[in-house]
Amino acid sequence: MTSSATQAVPGSLTDRSPVVSGAEIVASLRPPRQFHDASFDSYRPDDAFPSQAAAVEKLRGFFAAKPASGGFFARRKKTEPATPGVYLDGGFGVGKTHLLAALWHAAPGPKKYFGTFIEYTALVGALGYAATVQELTGASLICIDEFELDDPGDTMMMTRLLSELVATGTRIAATSNTPPNALGEGRFAAADFLREIHALSANFETFRIDGTDYRRRSIEGHAVSSSDEDVRAEVDRFLADGRVATLDDFDALIGHLATVHPSRFIKIIEGVDLIAITGVHELTNQNEALRLVAFIDRVYDAQIPVIATGAALDEVFGGDMLSGGYRKKYLRAMSRMIALTAMQRA
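This section reports on the structure supplied with the text. All values derive from a computational prediction rather than experimental measurement.

Now for the sheet that holds strand E2 (residues 113-116). Strands pair in a sheet through their backbones, by hydrogen bonds, and they do so in one of two ways: parallel or antiparallel. One open sheet accounts for 5 strands, arranged E2-E3-E4-E1-E5; its pairing is parallel. For this open sheet the edge positions go to E2 and strand E5 (204-209), each flanked by a neighbour on one side alone. Each strand axis lies, on average, 15° off the axis of its neighbour in the sheet, ignoring direction. Of the pairings in the sheet, the one linking E2 to strand E3 (residues 141-147) comprises 4 bridges and is parallel in character. Residue pairing for E3: Phe114 is matched across the bridge by Cys143.

Dropping the structure here:
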């Protein structure tokens, strides 16, 4: 048997330029892979932070009482405390997405959706606003993970969309990131979120979830940086096992991400079992950094291990990025990159 018959060649993410239809986006509006079986019982609250267990009990009763009629813009009666919306307010790594997914699984009926802010805005872009409203109408629950406040236009569009859906009986659950130039880390962006959607704020109940990042409770230090030889050996091992591994230069990957809408990042990594990246270095361009954050979010959702050479991935956000308005996003990405490289090592 020749060596050419036994050695496979790794693919490249930069060769992938997927097109995603509106129907595909709708079909994908489900919890990420690691949360397919998430439940309130499988959530493990940290005893040091009682708010975690309290949030679980509050969410268990979310569907027990009916919200006031009239949609998000109606005044709620004092005798009817249930709200159509709930906002999970907490730092990264405290289990907000797990609880959001658990609530999705607990929601009644087959029509319910779970996605990121980017996925919902991409759906509007693919189908149009009116068709999106028609598609989502009748859902028992709309979950929005990582409600982005970076673009006022998108935020107001989502405000209008949610208002129309809630007026027909749909419940809403969301988590949020901080908006630009507003760190708000001590408040975990709750006040910023409510201000941005001022027309809806009285109809959201905020559940604060305190705690430390669960991804780093047993992982210390930085993302693992490997040698070129170790990366090649790991790629070859995956390929020899019949699994799909990709190998890309860091600069080439960052450049390619600029050509693909973030809503399509999940399709770029579809079917991949290992992502290998060479030549990692510090980024100084914030647009490039934010694209990397969005990419890492999708890689983490898919639970694909990462192996890389060069600088540790959690040290790529240079300049004053960690002291600016996107600090919370970068810290979440750093946490996830540490976890992803630890998956490869485990």
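Residue position: Arg336 is located in helix H13 (residues 327-345). Taking relative accessible area as the criterion, Arg336 reaches 5% and is therefore assigned buried. A distance of 2.8 Å separates a polar atom in the side chain of Arg336 from a polar atom in the side chain of Asp297.

Before going further, it helps to spend a moment on the environment of Val166. Summarising the element assignment, Val166 is placed in helix H7 (residues 152-166). Remark: the alpha-carbon pair of Val166 and Ile142, spanning 24 residues in sequence, is separated by 9.4 Å.

Pairing in this open sheet of 3 strands is parallel, and the strands run E6-E7-E8 from one edge to the other. At either margin of the open sheet sits one strand with a lone partner, and together these are strand E6 (245-249) and strand E8 (306-310). Taken over all neighbouring pairs, the strand axes of this sheet differ in orientation by 15° on average, direction set aside. Pairing geometry for strand E7 (residues 274-280) and E8, over 4 bridges, is parallel. Bridging from a neighbouring strand, Ile277 pairs with Ala308 of E8.

Turning to the packing of aromatic side chains, a few remarks are in order. Tallied over the full model, the rule gives 3 aromatic pairs. Measuring from centroid to centroid gives 6.1 Å for Phe265 and Phe295, while their planes differ by 75°, and the two rings are edge-to-face. With Phe265 in helix H11 (residues 265-268) and Phe295 in helix H12 (residues 286-302), this pair connects stretches of sequence that are 30 residues apart. A relative accessible area of 0% places Phe265 in the buried class. The ring of Trp104 has Lys112 lying over it, and the distance from NZ or CZ to the ring centre is 4.8 Å. The ring centre of Phe62 lies 4.1 Å from the NZ or CZ of Arg171, which sits over that ring.

So, about helix H9 (residues 228-240). Compared with the 18 Å implied by 1.5 Å per residue over 13 residues, the 18 Å span of H9 between its first and last C-alpha is a close match. The first or second residue beyond H9 is Gly242, which carries a positive phi of 80°.

Turning to the pattern of salt bridges, a few remarks are in order. Within the structure shown, the criterion is met by 14 salt bridges. Between Asp297 and Arg336 there is a salt bridge, and its shortest N-O distance comes to 2.8 Å. You can see Asp297 sitting in helix H12 and its partner Arg336 sitting in helix H13, a full 39 residues away along the chain. Several salt bridges share partner residues, and in doing so they unite Glu146, Asp297, Arg298, Asp301, Arg332 and Arg336 into one network.

Extensive coverage of strand E1 (residues 85-90) is indicated by the burial of 6 of its 6 residues. Here E1 shows two buried faces, one formed by Gly85, Tyr87 and Asp89 and the other by Val86, Leu88 and Gly90. Alignment of E1 against strand E4 (residues 171-176), held across 4 bridges, turns out to be parallel. Bridging from a neighbouring strand, Tyr87 pairs with Ala174 of E4. Where E1 and E5 come together, 6 bridges link them in parallel fashion. Its bridge partner being in E5, Tyr87 is matched across the sheet by Thr206.

Summarising the element assignment, His256 is placed in helix H10 (residues 250-257). With residues up to four places along the chain from it excluded, the contact list for His256 reads Leu13, Thr14, Arg16, Ser17 and Ile268.

Okay, the pairing of E4 next. Extensive coverage of E4 is indicated by the burial of 6 of its 6 residues. Judged by which residues are buried, E4 turns out to be covered on both faces: Arg171, Ala173 and Thr175 on one side and Ile172, Ala174 and Ser176 on the other are all buried. Of the strand pairs in this sheet, E3 and E4 are connected by 5 bridges, and their pairing is parallel. Opposite Phe147, over in E4, you have Ser176 as the bridge partner.

Okay, the nonpolar core next. Buried together is how nonpolar side chains tend to be arranged in soluble globular proteins. Ile269, Ile275, Leu292, Phe295 and Phe317 are the most contacted members of the largest nonpolar core, which totals 40 residues. Of all the secondary structure elements, the ones that give two or more residues to this core are H10, H11, E7, H12, E8 and H13. Sort the elements by how many residues they give to this core and H12 lands first, with 9 residues. If near-sequence neighbours (up to four positions away) are discounted, Leu292 is found in contact with Phe250, Ile254, Leu257, Leu283, Val316 and Phe317. Tyr87, Val124, Leu161 and Ile172 belong to the second largest nonpolar core, which has 27 residues in total.

Rules used throughout
- The residue count restarts for each chain, going from 1 along the sequence in the order it is written.
- Predicted model: local features are reported for residues with pLDDT of at least 70 only, side-chain atom pairs are reported and counted for 80 or more only, and whole-chain, interface and lining totals are derived from all residues.
- Side-chain measures were taken over the full set of non-hydrogen atoms in the model, leaving aside hydrogen atoms and water.
- Only strands that DSSP links by at least two bridges are regarded as paired with each other.
- In DSSP terms, a helix is any run of H or I states spanning at least four residues, a strand is any run of E spanning at least two, and both are numbered starting from the N terminus.
- A fitted line through C-alpha atoms represents every axis, and for helices the fit uses only the stretch in contact; the resulting angles, taken between N-to-C directions, go from 0 to 180 degrees.
- With a 1.4 Å probe rolled over the protein chains alone, any residue whose accessible area is under 20% of its type maximum counts as buried; one over 50% counts as exposed, and the rest are partly exposed.
- Any pair of N or O atoms that falls within 3.5 Å is considered a polar contact. Within protein, one atom must be able to donate a hydrogen and the other to accept it, and sequence-neighbouring residues count only if both atoms are side-chain atoms.
- Paired rings are identified among Phe, Tyr and Trp, the last through its six-membered ring, by centres lying within 6.5 Å, and are further divided according to the angle between planes into stacked (under 30 degrees), edge-to-face (over 60) and tilted (the rest).
- Here, a charge over a ring is recorded when the distance from Lys NZ or Arg CZ to the ring centre is within 6 Å and its angle to the ring normal is within 35 degrees.
- Helix span, as expected, comes to 1.5 Å for every residue beyond the first.
- The term salt bridge refers to a pairing of a side-chain nitrogen on Lys or Arg with a carboxyl oxygen on Asp or Glu at a separation within 4 Å.
- Pairs of residues are marked as contacts when any of their non-hydrogen atoms sit within 4.5 Å.
- Only buried Ala, Val, Leu, Ile, Met, Phe, Trp, Tyr and Cys residues count toward a nonpolar core, and they belong to the same one when joined by side-chain atoms within 4.5 Å.

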